[in-house]
Amino acid sequence: MRSFGPTTYLIIIAFITKFIVLFRDIIFASEFGFTKDTDVYFFATSFYILISILLIQCINATIVPVFSDKKTGNIDVKLFNAVFTALILFSSFSVFAYYVTTSQVNIFNYIVPGFTAEQISLTLKFLDILFPSLILVVCVALFRGFLQSQSKFFETSISEIFLPVLSILLIYFVEDFGFIILVIPFVLSPLIQLIIQFNVMKSFFTKIKLNFDFDNKFKNLIHLMLPLIFAGVFTTVSKVFDQSLASTLDAGILSSLNMSIKINLLVMSLCIIPIITVLFPMFSSINENVVYKNNFHTNEEYNNLIIESFYKIILLSLPLSIYVYFNSLYIVELLFGFGKFNSDNVYITSECVKYFSLGLVLSALRLLLIKIYYSFKNTYVPTVFIIICSLINIFFNYMLVSKFSFYGIIYSTLIANLCLCLFLIVFFFVKSNCTIFTKFFLYRLFLIVVFVCLSFVFFSFLNMLLTTTMLFILSSFILSVYFLLLLYFNFFRPLLCLNQKFY
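Computed from a predicted model, the values in this text were never measured in an experiment.

1. Examining the nonpolar core
Here is step 1: Within the largest apolar cluster, 144 residues are counted, with the highest numbers of intra-cluster contacts made by Phe108, Leu127, Leu142, Leu182, Leu257 and Phe336.
Here is step 2: In contact with phenylalanine 336, not counting residues within four places along its chain, are Leu22, Asp25, Ile26, Ala29, Met259, Ile263 and Phe341.
Here is step 3: Of all hydrophobic cores here, the second largest spans six residues; its members include Ile322, Phe326, Leu462 and Leu471.

Shown next as structure tokens:
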């Protein structure tokens, strides 16, 4: 009998973690509602998180393929220490540059034009506390990427639990100290993660130290990372532009958009992200010593894994997308519809959740496809597409927000994600020998399209006949039966039982 792999444990721990995150958000919404002050909190923390994610993804996408050497079993300690040194220098310089820039020019007057002088002043206070912790964040990202390359996923699975737990403990002190106290968990969380990582890293390194000998291996790694930095910068600018436009709308809308993104990300994190997290080192290990040169040369094992992953991700995300779309109002009202979270907050947040959920499949496929490219040590092609789609997002934001308010921001995001997925899919399969476009594939695709159409017709009909409560109960039952049937027929067992370690 096969034992469950790390994917299963990641899903279980992710469920527990996301429940804690949800509990924190419920308390936050109940205590404060969505106001001008919460807009400042959400903008400042989102701005910091966007930069953190940029750094983490750049580091992870290069470290995992480079250190996923399963054949020799050797670890290039010299290269690791050189990367560690470079990241410490880079992050320290970035923090210094931030303080110098903000002391001379108040850039947030231009980034969030809808904020008052008082809101901008509070934003600066938040970020002045948050930015130094980026030095810790890059270290966490480096260690996590290395551990994932060695099939160690325990730290990854619990990494998100510290921030919400610390936030819950401090929420009740906001009245005494103000929202500024809620930035402390963002500083303490990476510190706790580093302590846990150090304990695991001892089995691989006797000593982690500074190394200023930047050899050719290091330079090759930087060549992989540079396109990711450019892509991340454009993505961050695009998302900050979303926030900037949201700041010019009514008070609380920026908070609603951020909360709706969190809810949809929560759905993704429960099952889709853990699977892709475990798949990435596998892709990289199979593609070891393979570098993209005009074409993606894949073997049968890799092709089968891609096709398997592709179908499973779609069949996971599609029902979840439909479920959230038709139950967004009830979900938001059930979770947040009390305390200072008024009916306007409920309606706007539920609308954001509803339309963002349409992009759930696109977000899942985008994440999977980008990891496939990175496994070939190819960061240039995704970077070009990401930059193009970031510009598409900014363009449509500019065109649509004035006409459709916050809906315009959502529509722009969906259009940009759709374009990115199409670019990545078409380019990969044109340039590879992966035979996914077969008659069997087209047959499956046709069935999926029919399933989606029938589901929307069926639930739209039920929506007219039933109350939101009855629709929620019935659709929850149908979704549960769907996933139980998939589990019963071992549909996801190949992904849940991946032959890797967890600790």
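2. Let's talk about the pattern of salt bridges
Any two side chains of opposite charge can pair if their charged atoms end up close together.
Here is step 1: This structure, assessed with the given rule, holds one salt bridge.
Here is step 2: A salt bridge links aspartate 25 to arginine 24, with the nearest nitrogen and oxygen atoms 3.1 Å apart.
Here is step 3: Owing to a relative accessible area of 6%, aspartate 25 belongs among the buried residues under this scheme.

3. Some points on the side chain of lysine 354
Here is step 1: Turning to its location among the elements, lysine 354 is positioned in helix 14 (residues 343-356).
Here is step 2: Of the side chains with opposite charge, glutamate 351 lies nearest to the buried lysine 354, which makes no salt bridge, at 4.6 Å.
Here is step 3: Here lysine 354 is in contact with Tyr325 and Ser328, once residues within four sequence places are set aside.

4. Here we look at the packing of aromatic side chains
Any two aromatic rings considered together are summarised by their centre-to-centre distance and by the angle between their planes.
Here is step 1: On inspection of all chains with the given rule, the structure shows 32 aromatic pairs.
Here is step 2: Summarising the aromatic geometry, the rings of phenylalanine 28 and phenylalanine 42 are spaced 5.5 Å apart at their centres and angled 70° between planes, so their arrangement reads as edge-to-face. Remark: phenylalanine 42 occurs in helix 2 (residues 36-67) and phenylalanine 28 occurs in helix 1 (residues 6-32); sequence separation between them is 14 residues. Of the two residues, phenylalanine 28 and phenylalanine 42, both sit in the buried class.
Here is step 3: With centroids separated by 4.4 Å and ring planes inclined at 25°, the aromatic side chains of phenylalanine 406 and tyrosine 407 adopt a geometry described as stacked.
Here is step 4: Since its relative accessible area comes to 6%, phenylalanine 406 is described here as buried.
Here is step 5: One aromatic cluster is present, formed by Tyr325, Phe326, Tyr355, Phe404, Phe406, Tyr407, Tyr411, Phe456, Phe458 and Phe459 through successive ring pairs.
Here is step 6: Of note, lysine 354 hangs over the ring of tyrosine 325, and the distance from its end group to the ring centre comes to 5.0 Å.

5. Thoughts on the packing of helix 3 (residues 77-104) against helix 5 (residues 117-130)
Here is step 1: At a closest axis distance of 11 Å, the pairing of helix 3 and helix 5 adopts a crossing angle of 160°. By the angle class used here, helix 3 and helix 5 are roughly antiparallel. Our pair here, helix 3 against helix 5, has a crossing hand that is left-handed. Between helix 3, through Tyr98, Tyr99 and Thr102, and helix 5, the contact on the second element is made entirely by Leu124, Leu127 and Asp128.
Here is step 2: Grouping the amino acids of the contact of helix 3 with helix 5 by side-chain chemistry returns four nonpolar, one polar and one charged.

6. A closer look at the packing of helix 16 (residues 380-404) against helix 17 (residues 406-431)
Here is step 1: Contact pair helix 16 / helix 17: the axes reach a minimum separation of 7 Å and the direction vectors enclose 155°. The angle between helix 16 and helix 17 places the two elements in the roughly antiparallel class. Both helix 16 and helix 17 take part in a crossing whose hand is right-handed.
Here is step 2: When the residues that make up the contact of helix 16 with helix 17 are grouped by side-chain class, the tally is 22 nonpolar, five polar and no charged.

7. Here's the deal with the confidence of the model for the protein
Here is step 1: Here the protein averages 80 in pLDDT, while 87% of its residues score no lower than 70.
Here is step 2: Counting contacts from residues 498-503, a segment whose pLDDT is below 50, to residues more than four positions away or on other chains yields 27 contacts.

8. Observations concerning the environment of tyrosine 41
Here is step 1: For tyrosine 41, the position within the fold is in helix 2.
Here is step 2: By relative accessible area, tyrosine 41 is classed as buried at 6%.
Here is step 3: In this view, tyrosine 41 contacts Phe28, Phe126, Phe179, Leu182 and Phe186; residues no more than four positions away in its chain are not counted.

9. Here we look at unusual backbone geometry
Here is step 1: The phi angle at serine 405 is positive, at roughly 55°, despite the residue not being glycine.
Here is step 2: Examined against the element boundaries, serine 405 turns out to sit in the loop between helix 16 and helix 17.

10. A short note on a nonpolar patch on the surface
Here is step 1: Taken together, Phe458, Leu474, Phe477, Ile478, Val481, Leu485, Tyr488 and Phe489 make up a surface patch of nonpolar side chains, about 810 Å² in accessible area.
Here is step 2: Considering every element that reaches the nonpolar patch, the biggest residue donor is helix 19 (residues 468-488), with six residues.
Here is step 3: Mapped onto the secondary structure, phenylalanine 458 falls in helix 18 (residues 439-465).
Here is step 4: A relative accessible area of 40% means that phenylalanine 458 is categorised as partly exposed.

11. A look at helix 10 (residues 184-201)
Here is step 1: Taking 1.5 Å per residue as the helical rise, helix 10 with its 18 residues ought to reach 26 Å, and the 26 Å between its terminal C-alpha atoms agrees with that figure.
Here is step 2: Taken residue by residue, helix 10 has Pro185, Phe186, Ser189, Pro190, Gln193, Leu194, Gln197 and Met201 as its buried positions.
Here is step 3: Those residues of helix 10 hidden inside the fold are in contact with helix 2, helix 3, helix 5, helix 6 (134-149), helix 7 (154-158) and helix 8 (162-171).

The rules we used
Within any chain, residue numbers begin from 1 and follow the written order of that chain's sequence. pLDDT decides what is reported in this predicted model: residues at 70 or higher carry local features, side-chain atom pairs at 80 or more are listed and counted, and totals for whole chains, interfaces and linings draw on all residues regardless. The basis for every side-chain value is the complete set of heavy atoms in the structure, and neither hydrogens nor water enter the calculation. Joining through side-chain atoms within 4.5 Å is the link that ties buried Ala, Val, Leu, Ile, Met, Phe, Trp, Tyr and Cys residues into a set, and such a set is a nonpolar core. Only protein chains enter the calculation, and the probe is 1.4 Å; a residue is then buried if its accessible area is under 20% of its type maximum, exposed if over 50%, and partly exposed in between. Throughout, a contact is declared for two residues whenever any of their heavy atoms are within 4.5 Å. When a carboxyl oxygen of Asp or Glu is within 4 Å of a side-chain nitrogen of Lys or Arg, the pair counts as a salt bridge. Under the DSSP-based scheme used, a helix requires at least four consecutive residues in state H or I and a strand at least two consecutive residues in state E, with every element numbered from the N terminus. Charge assignment: positive for Lys and Arg, negative for Asp and Glu; neither His nor the chain ends contribute. For Phe, Tyr and Trp, rings pair up if their centres lie within 6.5 Å, where Trp contributes its six-membered ring, and each pair is then called stacked (planes under 30 degrees apart), edge-to-face (over 60) or tilted (otherwise). Each ring is checked for a lysine NZ or an arginine CZ that lies within 6 Å of its centre and within 35 degrees of its normal; such an atom marks a charge sitting over the ring. Lines fitted to C-alpha atoms define the axes, with helix axes restricted to the stretch in contact, and inter-axis angles between N-to-C directions lie between 0 and 180 degrees. Convention used here: angles under 35 degrees read as roughly parallel, angles over 145 as roughly antiparallel, angles from 65 to 115 as roughly perpendicular, and any remaining angle as oblique. Helix crossings get a hand from a simple test, with the near helix turned counterclockwise from the far one by less than a right angle marking a left-handed crossing and a clockwise turn marking a right-handed one. Polarity classes work like this: nonpolar for Ala, Val, Leu, Ile, Met, Phe, Trp, Tyr, Cys and Pro, charged for Asp, Glu, Lys and Arg, and polar for all others, with Gly in that last group. Per-residue confidence from the predictor is reported as pLDDT, which spans 0 to 100. Patches draw on residues past 30% relative accessible area with no salt bridge. Two like charges within 9 Å are joined, as are two nonpolar side chains (Val, Leu, Ile, Met, Phe, Trp, Tyr) within 5 Å. In this description, accessible areas are obtained by the Shrake-Rupley approach with a 1.4 Å probe, and a residue is regarded as covered only by the protein chains that are shown. By this rule the span expected of a helix is its residue count minus one, scaled by 1.5 Å.

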